[in-house]
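# Working through the structure, step by step
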Amino acid sequence: MLRYLTTVLRTLGLVMVMNLALPPALHSAAMAQAATAANEVEVYKSPYCGCCGKWVDYMRRHGFDVTVHDMDDLSAIKTMAGVPAKLQSCHTAMVGGYVLEGHVPVDAVRRLLDSGAKVQGLAVPGMPVGSPGMEGGSPEAYTVYSFAGDGSAEAFMSMPAQ
């Protein structure tokens, strides 16, 4: 069934699947597997968010093949991806079976993909100045968190102000 859902996600787009009566765990698993190749990133963002577009460009410059899905309301995507409310940010992405929430730096993405960690994904909550796509102003140090399907989270990587 999960393979079928993955095909549906790729063929019809994620929005069509949201109306299916499936348990949240299947939604999350299907979404994470929708972008299984380590260099293929599926990004769900607002069409009006400039910083999200800058993050997409950043990921492309670092060798990722990025597909963008512009949506007006991302709340259902975040819920289905299992992103805890306290870690939510402006865009949600999938890569290599993991969820990326917000302005996650490529070093953290590659570390996660190389490690094969048993987590749901990574998140950079809020929009810290100096994170990829949020350049300008006075850069601040920030933390990249890993999170599990049960909503628990822990520090994955610390990023210095640059």
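Below or above, wherever it landed, is the structure these notes cover. (Residues numbered from 1 in each chain as written. Predicted model: local features only at pLDDT ≥ 70, side-chain atom pairs only at ≥ 80, totals over all residues. Heavy atoms only, no water.)

On to the layout of surface pockets, then. Space inside the largest pocket adds up to approximately 190 Å³. If you go around the largest pocket, the residues you meet are Tyr58, Pro105, Val106, Asp107, Gly130, Ser131, Pro132, Glu135, Tyr142, Met159, Pro160 and Gln162. When its residues are assigned to classes, the lining of the largest pocket shows 7 nonpolar, 3 polar and 2 charged. (1 Å grid on protein atoms, 1.4 Å probe; cavity = no way out; pocket = protein on both sides within 12 Å on 5 of 7 lines; lining within 4 Å. Points joined across faces, edges and corners; volume = space filled by probe spheres on them. Nonpolar A, V, L, I, M, F, W, Y, C, P; charged D, E, K, R; others polar.)

Below, the discussion takes up the packing of aromatic side chains. Scanning the model with the defined rule gives 0 aromatic pairs in all. The ring of phenylalanine 156 has arginine 111 lying over it, and the distance from NZ or CZ to the ring centre is 4.3 Å. (Phe/Tyr/Trp six-rings, centres within 6.5 Å; stacked < 30°, edge-to-face > 60°. Lys NZ or Arg CZ within 6 Å of the ring centre and 35° of its normal.)

Below, the discussion takes up the pattern of salt bridges. Summed over all chains, the structure comprises 2 salt bridges. Note that aspartate 70 is salt-bridged to lysine 45, the shortest N-O span being 2.9 Å. Of this pair, aspartate 70 sits in strand 2 (residues 65-70) while lysine 45 sits in strand 1 (residues 40-45); the two residues are 25 residues apart in sequence, bridging distant segments of the chain. Accessibility expressed as a relative area gives 7% for lysine 45, which makes it buried. Salt-bridge contacts for lysine 78 lead to glutamate 101; the nearest nitrogen and oxygen are separated by 2.6 Å. In this pair, lysine 78 is assigned in helix 5 (residues 75-81) and glutamate 101 in strand 4 (residues 98-102), connecting sequence segments 23 residues apart. A relative accessible area of 5% means that lysine 78 is categorised as buried. (Salt bridge = Lys/Arg side-chain N within 4 Å of Asp/Glu carboxyl O. Helix = DSSP H or I, 4+ residues; strand = E, 2+ residues; numbered from the N terminus. Buried < 20%, exposed > 50% of the residue type's maximum accessible area, 1.4 Å probe, protein only.)

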